[in-house]
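# Chains, contacts and geometry: an overview
Single-letter residue listing:
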Amino acid sequence: MTTDTQRMTHSDAADTLIQMAARFYERGWMMGTSGNLSLRLAQDSLEYVITASGRPKGSLSPEDMVYLGVSQSPLFPGQPSPSAETALHEMIYSRCPGAGAVFHVHTVAATALSMRCLESKLCFEGLEMLKGLGVTTHDTMITLPVVENTQDIEGLARSLASTLNPDVPGFLLRGHGLYTWGRDAQEALNRLECWDFLFQVSLAGG
Ligand SMILES: [Zn+2]
(Lines give C-alpha, C1' and ligand atoms only; values in the text may rest on other atoms or scores of the structure.)
Protein backbone atom coordinates (compact mmCIF):
# COMPACT_ATOMS: atom_id res chain seq x y z
CA MET A 1 0.00 0.00 0.00
CA THR A 2 1.39 3.41 -0.88
CA THR A 3 1.36 6.53 1.20
CA ASP A 4 -1.17 8.00 -1.21
CA THR A 5 -3.70 5.24 -0.60
CA GLN A 6 -3.20 5.53 3.14
CA ARG A 7 -3.99 9.22 3.01
CA MET A 8 -7.53 10.04 4.07
CA THR A 9 -9.44 12.35 1.76
CA HIS A 10 -10.54 15.62 3.27
CA SER A 11 -14.14 14.72 2.57
CA ASP A 12 -13.90 11.35 4.33
CA ALA A 13 -12.15 12.92 7.30
CA ALA A 14 -14.79 15.65 7.60
CA ASP A 15 -17.63 13.11 7.33
CA THR A 16 -16.07 10.98 10.07
CA LEU A 17 -15.71 13.89 12.48
CA ILE A 18 -19.23 15.16 11.73
CA GLN A 19 -20.69 11.73 12.43
CA MET A 20 -18.64 11.23 15.60
CA ALA A 21 -19.55 14.65 16.96
CA ALA A 22 -23.27 14.06 16.30
CA ARG A 23 -23.01 10.71 18.08
CA PHE A 24 -21.23 12.21 21.08
CA TYR A 25 -23.71 15.09 21.20
CA GLU A 26 -26.59 12.60 21.37
CA ARG A 27 -24.87 10.87 24.29
CA GLY A 28 -24.44 14.15 26.16
CA TRP A 29 -20.66 14.14 25.71
CA MET A 30 -20.38 17.25 23.51
CA MET A 31 -23.13 19.56 24.68
CA GLY A 32 -23.36 22.98 23.05
CA THR A 33 -20.04 23.86 21.46
CA SER A 34 -17.96 21.82 23.92
CA GLY A 35 -15.21 19.39 23.04
CA ASN A 36 -13.07 19.01 19.94
CA LEU A 37 -12.15 16.17 17.61
CA SER A 38 -9.33 15.64 15.13
CA LEU A 39 -7.98 13.09 12.66
CA ARG A 40 -4.48 12.75 11.25
CA LEU A 41 -4.70 12.87 7.46
CA ALA A 42 -1.92 10.36 6.80
CA GLN A 43 0.41 8.12 8.75
CA ASP A 44 3.80 9.66 9.53
CA SER A 45 2.37 13.11 8.84
CA LEU A 46 1.64 16.04 11.11
CA GLU A 47 -1.22 17.15 8.88
CA TYR A 48 -4.60 16.79 10.51
CA VAL A 49 -8.17 18.04 10.44
CA ILE A 50 -9.76 19.48 13.59
CA THR A 51 -13.14 20.91 14.48
CA ALA A 52 -13.41 24.69 14.35
CA SER A 53 -13.76 26.75 17.50
CA GLY A 54 -17.20 27.51 18.90
CA ARG A 55 -19.35 25.40 16.58
CA PRO A 56 -22.35 23.40 17.86
CA LYS A 57 -21.23 19.79 17.92
CA GLY A 58 -24.66 18.31 17.24
CA SER A 59 -24.86 19.90 13.79
CA LEU A 60 -21.37 20.30 12.32
CA SER A 61 -20.88 20.69 8.56
CA PRO A 62 -17.79 20.42 6.31
CA GLU A 63 -17.34 24.19 6.71
CA ASP A 64 -16.65 23.62 10.42
CA MET A 65 -13.44 21.69 9.70
CA VAL A 66 -9.94 23.19 9.81
CA TYR A 67 -7.00 21.56 8.02
CA LEU A 68 -3.62 22.17 9.65
CA GLY A 69 0.03 21.21 9.24
CA VAL A 70 3.11 21.50 11.41
CA SER A 71 2.91 24.20 14.11
CA GLN A 72 -0.80 24.65 13.41
CA SER A 73 -0.11 26.17 10.01
CA PRO A 74 -3.30 26.35 7.89
CA LEU A 75 -3.28 24.06 4.85
CA PHE A 76 -5.80 26.30 3.07
CA PRO A 77 -6.50 30.05 3.18
CA GLY A 78 -9.70 31.39 4.67
CA GLN A 79 -10.39 28.59 7.11
CA PRO A 80 -12.25 29.27 10.38
CA SER A 81 -10.32 29.40 13.66
CA PRO A 82 -9.44 25.93 14.92
CA SER A 83 -10.38 24.68 18.37
CA ALA A 84 -8.83 26.69 21.19
CA GLU A 85 -7.27 23.42 22.35
CA THR A 86 -5.51 22.61 19.08
CA ALA A 87 -2.08 22.64 20.76
CA LEU A 88 -3.07 19.57 22.79
CA HIS A 89 -4.02 17.64 19.66
CA GLU A 90 -0.77 18.57 17.98
CA MET A 91 1.19 17.57 21.10
CA ILE A 92 -0.50 14.14 21.14
CA TYR A 93 0.22 13.54 17.43
CA SER A 94 3.86 14.52 17.99
CA ARG A 95 4.30 12.46 21.14
CA CYS A 96 2.31 9.41 20.01
CA PRO A 97 3.25 8.56 16.39
CA GLY A 98 0.65 5.77 16.30
CA ALA A 99 -2.21 8.12 17.11
CA GLY A 100 -4.48 8.74 14.13
CA ALA A 101 -7.45 10.27 15.96
CA VAL A 102 -7.72 12.48 19.06
CA PHE A 103 -11.08 12.96 20.77
CA HIS A 104 -11.80 15.43 23.57
CA VAL A 105 -15.21 15.37 25.24
CA HIS A 106 -16.87 16.79 28.34
CA THR A 107 -18.70 13.81 29.82
CA VAL A 108 -20.50 14.17 33.13
CA ALA A 109 -18.62 11.16 34.54
CA ALA A 110 -15.20 12.49 33.49
CA THR A 111 -15.91 15.91 34.93
CA ALA A 112 -17.42 14.64 38.19
CA LEU A 113 -14.67 12.10 38.82
CA SER A 114 -11.91 14.61 38.10
CA MET A 115 -13.40 16.94 40.72
CA ARG A 116 -13.74 14.16 43.27
CA CYS A 117 -10.13 13.05 42.72
CA LEU A 118 -7.72 14.98 44.96
CA GLU A 119 -4.56 13.59 43.37
CA SER A 120 -2.80 13.97 40.04
CA LYS A 121 -3.79 10.52 38.85
CA LEU A 122 -6.57 7.95 38.86
CA CYS A 123 -5.75 4.24 39.12
CA PHE A 124 -7.97 1.55 37.67
CA GLU A 125 -7.33 -2.13 38.32
CA GLY A 126 -9.01 -5.51 38.27
CA LEU A 127 -11.62 -4.56 35.70
CA GLU A 128 -12.29 -6.49 32.49
CA MET A 129 -12.95 -3.23 30.67
CA LEU A 130 -9.27 -2.29 31.03
CA LYS A 131 -8.61 -4.62 28.11
CA GLY A 132 -10.30 -2.06 25.87
CA LEU A 133 -7.35 0.24 26.56
CA GLY A 134 -4.75 -2.02 25.03
CA VAL A 135 -3.78 -4.40 27.83
CA THR A 136 -4.32 -8.16 27.62
CA THR A 137 -5.63 -8.88 31.09
CA HIS A 138 -7.87 -7.39 33.75
CA ASP A 139 -5.14 -8.25 36.27
CA THR A 140 -3.24 -5.02 35.85
CA MET A 141 -3.36 -1.35 36.81
CA ILE A 142 -3.71 1.60 34.51
CA THR A 143 -2.85 5.07 35.79
CA LEU A 144 -4.63 7.99 34.15
CA PRO A 145 -3.07 11.43 34.67
CA VAL A 146 -5.33 14.15 36.09
CA VAL A 147 -3.96 17.60 35.28
CA GLU A 148 -5.16 20.98 36.43
CA ASN A 149 -7.35 22.87 34.03
CA THR A 150 -6.02 26.09 32.55
CA GLN A 151 -6.72 28.56 29.77
CA ASP A 152 -3.01 28.48 28.90
CA ILE A 153 -3.36 25.57 26.49
CA GLU A 154 0.01 26.16 24.82
CA GLY A 155 1.72 25.98 28.24
CA LEU A 156 -0.24 22.87 29.16
CA ALA A 157 0.76 21.22 25.88
CA ARG A 158 4.44 21.99 26.53
CA SER A 159 4.22 20.57 30.04
CA LEU A 160 2.37 17.41 28.96
CA ALA A 161 4.79 16.84 26.07
CA SER A 162 7.51 15.95 28.57
CA THR A 163 5.39 13.82 30.90
CA LEU A 164 2.82 12.01 28.76
CA ASN A 165 3.08 8.22 28.73
CA PRO A 166 2.18 7.12 25.17
CA ASP A 167 1.20 3.70 26.52
CA VAL A 168 -1.75 5.17 28.42
CA PRO A 169 -4.13 6.66 25.86
CA GLY A 170 -5.66 9.47 27.82
CA PHE A 171 -5.61 12.21 30.41
CA LEU A 172 -8.22 14.12 32.37
CA LEU A 173 -8.36 17.88 32.74
CA ARG A 174 -9.79 18.57 36.18
CA GLY A 175 -13.29 19.97 36.09
CA HIS A 176 -13.15 19.98 32.33
CA GLY A 177 -13.07 16.68 30.44
CA LEU A 178 -11.23 13.77 28.87
CA TYR A 179 -8.67 13.46 26.09
CA THR A 180 -8.14 10.09 24.47
CA TRP A 181 -6.76 8.82 21.19
CA GLY A 182 -6.38 5.76 19.00
CA ARG A 183 -4.85 4.65 15.73
CA ASP A 184 -8.09 5.65 13.97
CA ALA A 185 -11.51 7.07 14.77
CA GLN A 186 -12.95 3.66 15.66
CA GLU A 187 -10.23 2.89 18.18
CA ALA A 188 -10.48 6.36 19.72
CA LEU A 189 -14.25 5.85 20.01
CA ASN A 190 -13.75 2.45 21.66
CA ARG A 191 -11.33 3.94 24.15
CA LEU A 192 -13.63 6.85 24.88
CA GLU A 193 -16.40 4.40 25.71
CA CYS A 194 -14.04 2.33 27.89
CA TRP A 195 -12.80 5.34 29.83
CA ASP A 196 -16.32 6.60 30.44
CA PHE A 197 -17.39 3.14 31.63
CA LEU A 198 -14.44 3.07 34.06
CA PHE A 199 -15.34 6.56 35.31
CA GLN A 200 -18.92 5.53 35.92
CA VAL A 201 -17.86 2.39 37.78
CA SER A 202 -15.55 4.49 39.93
CA LEU A 203 -18.29 7.03 40.68
CA ALA A 204 -20.60 4.13 41.58
CA GLY A 205 -18.10 3.03 44.19
CA GLY A 206 -16.37 0.24 42.23
ZN1 LIG B 1 -12.71 21.02 26.54
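Anyway, here's the lowdown on the structure attached to this text. (Residues numbered from 1 in each chain as written. Predicted model: local features only at pLDDT ≥ 70, side-chain atom pairs only at ≥ 80, totals over all residues. Heavy atoms only, no water.)

One open sheet holds the 8 strands; their spatial order is β3-β2-β1-β4-β8-β7-β6-β5, and the pairing between them is mixed. Looking along the sheet, the strands with just one partner apiece sit at the ends: β3 (65-68) and β5 (121-125). Direction aside, the axes of adjacent strands within the sheet are offset by 20° on average. Bridge count for strand β6 (residues 141-147) against strand β7 (residues 170-173) is 2 bridges, and the pairing is parallel. (Pairing = 2+ DSSP bridges. Helix = DSSP H or I, 4+ residues; strand = E, 2+ residues; numbered from the N terminus. Axes fitted to C-alpha atoms, helices over the stretch in contact; angles between N-to-C directions.)

Burial along strand β2 (residues 48-51) is two-sided: the face carrying Tyr48 and Ile50 and the face carrying Val49 and Thr51 are both buried. Summarising the sheet, strand β1 (residues 36-40) and β2 pair through 3 bridges and their orientation is antiparallel. Within β2, the position partnered with Leu39 by the bridge is Val49. Pairing geometry for β2 and β3, over 4 bridges, is antiparallel. (Buried < 20%, exposed > 50% of the residue type's maximum accessible area, 1.4 Å probe, protein only.)

In this structure, His104 (NE2), His106 (NE2) and His176 (NE2) serve as the protein donors to the zinc ion, at separations of 2.0 to 2.2 Å. All donor residues of the zinc ion come from one chain, and their arrangement in sequence is H-x1-H-x69-H. You can see His106 sitting in the loop between β4 (101-105) and α4 (108-116) and its partner His176 sitting in the loop between β7 and β8 (177-182), a full 70 residues away along the chain. Note on His106: relative accessible area 25%, which makes it partly exposed. (Donors = N, O, S within 2.8 Å, 3.2 Å for Na, K, Ca; no water.)

Mapped onto the elements, Ser34 comes out in the loop between α2 (10-26) and β1. In this structure Ser34 comes out as buried when scored by relative accessible area, which is 15%. From its side chain, Ser34 meets the backbone oxygen of Met31 in a polar contact 2.7 Å long. The contacts of Ser34, once residues within four sequence positions are left out, are Trp29, Lys57 and His106. (Polar contact = N/O pair within 3.5 Å; in protein donor to acceptor, adjacent residues only side chain to side chain. Contact = heavy atoms within 4.5 Å.)

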